Amino acid sequence: MAEHCFKCHGQDEKERKADLQLDDRENVIAMDAIVPGRSDVGTLIERIVTTDVDEIMPPPEEHKPLKPEQIELIKRWLAEGAKFEKHWSFIPPVMPQVPTVKTEGGARVVNEVDAFVLKRLEEKGMNQAAEATREAWLRRVTFDLTGLPPTLAEQDAFFADQSEGARAKVVDRLLSAPEYGEHMAVGWLDVARFADTFGRHEDHDSQTWPYRDWVIRAFNDNLPYDQFVKWQTAGDMMPGATQDMYLATVFNRLPQQSNEAGSDEEEFRQEIVADRVNTNGIAFLGLSMECARCHDHKYDPISTREYYSMAAFLNNIDECGLYTVYTTNIPAPSMFIYEGDDERQHANVKLKMQFKEAEREATLPEAKRRFERWLKELEGRPAAAKPLVHLDFEGYLQKEEKTLKNLADADRSGLLRRRTDFAEGHIGQALYFKEDNAVTVPGVGQYSRTQPFSFSIWLKPTVSQERALVVHYSRAGLDAGSQGYELLMEDDRLSFALCHFWPGNAMRVKMNQPLTLSAWSMVTVTYDGSSRAAGIKMYLNGLPAVTEVDRDRLYKDIKHSATFMDKDGVNAPTLTVSGRHNDKSLDKTYVDEFYFWDRELAPVEVKLLGNRDAANKPEDWFAWWLREKDPVWRKLSQELKELRDEENVIAMRMKEVMVMREIPEEKRRPTFVQERGHFQAIGERVRPDVPASVFEFPEDLPRTRLGYAEWLVDRRNPLTARVFVNRIWQQFFGRGLVVTSEDFGVQGQLPTHPELMDWLAVWFMDNGWDVKALCRLLVLSATYGQDSMPVERRWLEDDLDNALLARGPRTRLSAEQLRDNVLAVSGLLVKDLGGPPTKPYQPAGLWEDSGTQHSYHQDHGARLFRRSCYTFWRRTLPPPSMTVFDAPTREFCKSRRDRSSTPLQALVLFNDPQFLEAARVLAEKLVRDHPGDDLARVETAFRLFTGRKADAMEREVLTALLRDQRSYFAGCPEEAERLRSENGEAPVAKELSAVEVAASTMLTRALLGYEDSVVKP
């Protein structure tokens, strides 16, 4: 019915025909579609058996006719009472009874897994295959648990150990090896759509590798899977959250992002949220949630409302929908990755800052007494601070050059972008802004977040403005994350912000009252260098304005500098009135008297700026006196600034990575249903919730991301444990018990062994979600240990995919395993754990000629020989040698890889520099270790590549090949020299015979493409 009927008569209410919903028993009975117990009456049976083309269902134009056996099955179901029940995967698993099976005839039952598999084989009249050879089992289990081949020493040790627990010892050794975590991480990184770039348009690099290293650590440390899920979903919200808990949340920051000019930030932010929902659906629930984004799911009981309710859990961080063009700053929210003593140093300097602030505040009572003594000696009024900039807009300094006089510094004139009109101003003349225009003052205002400063400007807007830049020091808005500082007008309300990456790494203070149109207003902003919103003061007409804090989380610098990794030096920021690249300027607005100071003005200075004759009392000058005259306050302020500078330097040199960080509940982002999935087609507002058909959200859990994480791993959730054990089964056996590991819904395949699936899921939860224990259970089973040839050869054709498990798994090695295998057998593999991504060999000019807008800078030395899990992954052009072997792009969540067989794969094995170099290096080792002994070279190479000894025919063929190639290269010594000298950067053993090395290289190259070398037996 899902395949043939649910499109028109299923979950999607908007697409449902004739109000008939075939997965709802009450509906089909009420609609007279069926009569339970009768297979001869009811419109359902009438419409599927009729020969009338206008009446038959499914309609002929759908091209999905029911087969006779399907019609008979429906009749039988009707006759038996038309029982309805939930789809199997939405029913929580219960521990089934382990079946009793016959063990005569050599059937082997090592653990419960075998009992379930054997029971199914008995039902089909089939038997287990013979036990795999020790060589085959060792190679299989070593690749499955570490992604690497067994070494000769490991082979010899296992073959020598004839004890009953020999296999268990091997498994325990492999599970404790660091290579285990590296290998297990690869499959999860596909699911997590992990890459080293943002994807989409320009696909710039993204520093995400610390998350990859965390995944490796999590598998090696055997983090229980329920914690693995919770940390990635809501690690930032867990009590006492550690650095690793925060780092795990990168999982939900890995959707593709864009920085294309003109992009709508909210549109792409909603795409990011949608990707989170879709990925969570596949990764944890095995459901195609994406189908419910635009309409109710046509097959699974998931409504569009439930889709957006689930999105509400993942839609509550302070993020921008775009990354930047003009900086390499990490999109906020982010976290520092501390190494060594970094965290202690950072915490120590922050503590010193707190103490110094407290020390300075403690001097205020005595300072007031000193101030009072100073006042008694004061003659006249104190002098207010002198500005660095004063533009009075009284006309052009030089009209042709569009320069404006700076009364404070004649060497730093203002520069007008476009000529415009002067008009009557607040004082004398004013400058009239219309459309896109700006005044810049070069050489002033490039301050870090630790530097106090102030500025003031008179404004007279004549029209309401949705958005307009008033004053800023920045390169761009969205294109630079607004890095710098800005006075912004939005709907006639002013706000001032200092930003590293808006909005999550920034602070902003907003005026509550809008500016009065067609009236002059003096706006003044002061900042104290504290990196706190409380350090921002806004004044209107000389008096403190009523303000509110919009953002208060600035933890990196606002300054643009190559030192801070910005990508280029073009469009360098300048102190600017109005216009900004790709942003909106003041329109139909008069501007007058612009000032800028390199210090925080005192309130009395601001007051007098608006009216030089304003009444003021001597005591009003206390803040000014502290800043300008008091030696104690000035000394402590300088010491405090030095500490702030030190903290800023530490913050800017720290590695940083995107993470999740929840917005407080009182400021939660609202989430709405989006009609047809369009971000501007806003429907009803929804609260955070989950698909009720899976498992209703418990009332005792908070409706937050942390509550959602708890729901995912609640034992009542029917999917999470099943989905994961199925994915691990898929990794070891080549296909899952549910082959559609990405879809456990109605359209997905049914499990081949449903009782085994449920037993494994419950066993997994009962055993503390222990991943290593699950792996151990599976690889020590007799089912896993079977030979890959079944008892009867016809079963190969009868069960091509080995769904019934009458033989052991035999699959081609993955893209990563193939490369790591040749590095390992050649001795080139560098086994360092973790670190930044590497860039090994790839075809010259591939990135440049493929339109990626990036140049590939290949690594050298040891970094060429790191494991493939560390290879740099560009989403728009992944590593080509791995793509050839079906590695995904990682643009989207992928729970199982396709498996192809193409001629190009053979060319990679034979000719890719990485493979050819490894073949040459191994050949050198063979020549060095076995001088003059062709048979020894053949036998050693064969064992390294296949994990077993060569048989007589294989030895004969390979020794003949070696002799032939020696004869050939002896006649072409220059070709032999090129073969060993022009392939790869690994040092060449010049002391060895070029002819011998070249001939042996042809031997190892032949073995590279040999079937037993590229498959898991």
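Conventions used here
- Residues numbered from 1 in each chain as written.
- Predicted model: local features only at pLDDT ≥ 70, side-chain atom pairs only at ≥ 80, totals over all residues.
- Heavy atoms only, no water.
- Helix = DSSP H or I, 4+ residues; strand = E, 2+ residues; numbered from the N terminus.
- Contact = heavy atoms within 4.5 Å.
- Areas by Shrake-Rupley, 256 points an atom, 1.4 Å probe, with all protein chains shown as cover.
- Lys, Arg positive; Asp, Glu negative; His and termini not counted.
- Charge placed at Lys NZ, Arg CZ, Asp CG, Glu CD.
- Salt bridge = Lys/Arg side-chain N within 4 Å of Asp/Glu carboxyl O.
- Domains from an automatic or database assignment.
- Buried < 20%, exposed > 50% of the residue type's maximum accessible area, 1.4 Å probe, protein only.
- UniProt positions renumbered as here; feature names shortened; annotations may be inferred.
- Core = buried A, V, L, I, M, F, W, Y, C linked by side-chain atoms within 4.5 Å.
- Phe/Tyr/Trp six-rings, centres within 6.5 Å; stacked < 30°, edge-to-face > 60°.
- Axes fitted to C-alpha atoms, helices over the stretch in contact; angles between N-to-C directions.
- Parallel < 35°, antiparallel > 145°, perpendicular 65-115°, else oblique.

Here we take up the overall build of the chain. For the chain, the helix and strand inventory stands at 34 helices and 23 strands. Along the first, second and third principal axes, the C-alpha atoms of the chain reach 115 × 90 × 55 Å. A separation of at least 24 residues holds for 70% of the contacts in the chain among residues at least 6 apart in sequence. Accessible surface computed for the chain: about 42400 Å², of which carbon and sulfur atoms make up 51%. Here the chain contributes 133 positively and 162 negatively charged side chains, and the mean placements of these two sets differ by 3 Å.

Another point: the pattern of salt bridges. Counting across every chain of the model gives 84 salt bridges. Here Glu266 ties to Arg269 by a salt bridge, and the two come within 3.1 Å at their closest N and O atoms. Here Glu266 and its partner Arg269 are both found in helix 13 (residues 265–285), three residues apart, which amounts to about one turn of the helix.

You'll often see interface size given as the accessible area lost when the parts meet. Taken domain by domain, the chain consists of domain 1 (1–84), domain 2 (389–600) and domain 3 (911–1016). Spacing between the C-alpha centres of domain 2 and domain 3 amounts to 69 Å.

Of all eight residues making up helix 20 (residues 705–712), seven are buried, and the element is well covered by its neighbours. Of all the residues in helix 20, the buried ones are Arg705, Leu706, Gly707, Tyr708, Ala709, Trp711 and Leu712.

This brings us to the UniProt feature "domain: DUF1553" (unreviewed entry) in the chain. In the numbering used here, UniProt assigns the feature "domain: DUF1553" (unreviewed entry) to residues 704–961. Taken end to end, residues 704–961 is 46% helix and 1% strand, and its first and last C-alpha atoms sit 66 Å apart.

Counting 118 residues, the largest nonpolar core has Trp188, Tyr211, Trp214, Tyr225, Trp711, Leu760 and Phe764 as its most contacted members. Residue contacts for Trp214: discarding those within four places in its chain leaves Leu223, Phe228, Trp231, Gln232, Asp244, Leu247 and Ala248. Judged by nonpolar contacts, the second largest core, of 45 residues, contains Val439, Val444, Val525 and Phe594.

What follows deals with the UniProt feature "domain: Cytochrome C Planctomycete-type" (unreviewed entry) in the chain. Those places that UniProt annotates as "domain: Cytochrome C Planctomycete-type" (unreviewed entry) correspond, in this numbering, to residues 5–61. Between the C-alpha atoms that bound residues 5–61 there is a distance of 13 Å. The span itself is 30% helix and 0% strand.

Moving on: the packing of aromatic side chains. All told, the structure shown has 55 aromatic pairs when counted by the stated rule. Here the aromatic rings of Phe116 and Trp759 are separated by 6.3 Å at their centres, their planes lie at 45°, and the arrangement is tilted. Taken together, the residues span a long stretch of sequence, with Phe116 in helix 5 (residues 112–123) and Trp759 in helix 22 (residues 754–766) at a distance of 643 residues. Per residue, the accessibility class of Phe116 equals that of Trp759, and both read buried.

Interhelical geometry of helix 31 (residues 952–971) versus helix 32 (residues 973–981) gives an angle of 110° and a closest axis separation of 5 Å. Viewed along their axes, helix 31 and helix 32 adopt a mutual orientation that is roughly perpendicular. Contacts between helix 31 and helix 32 involve Tyr968, Phe969, Ala970 and Gly971 on the former and, on the latter, Pro973, Glu975, Ala976 and Leu979.

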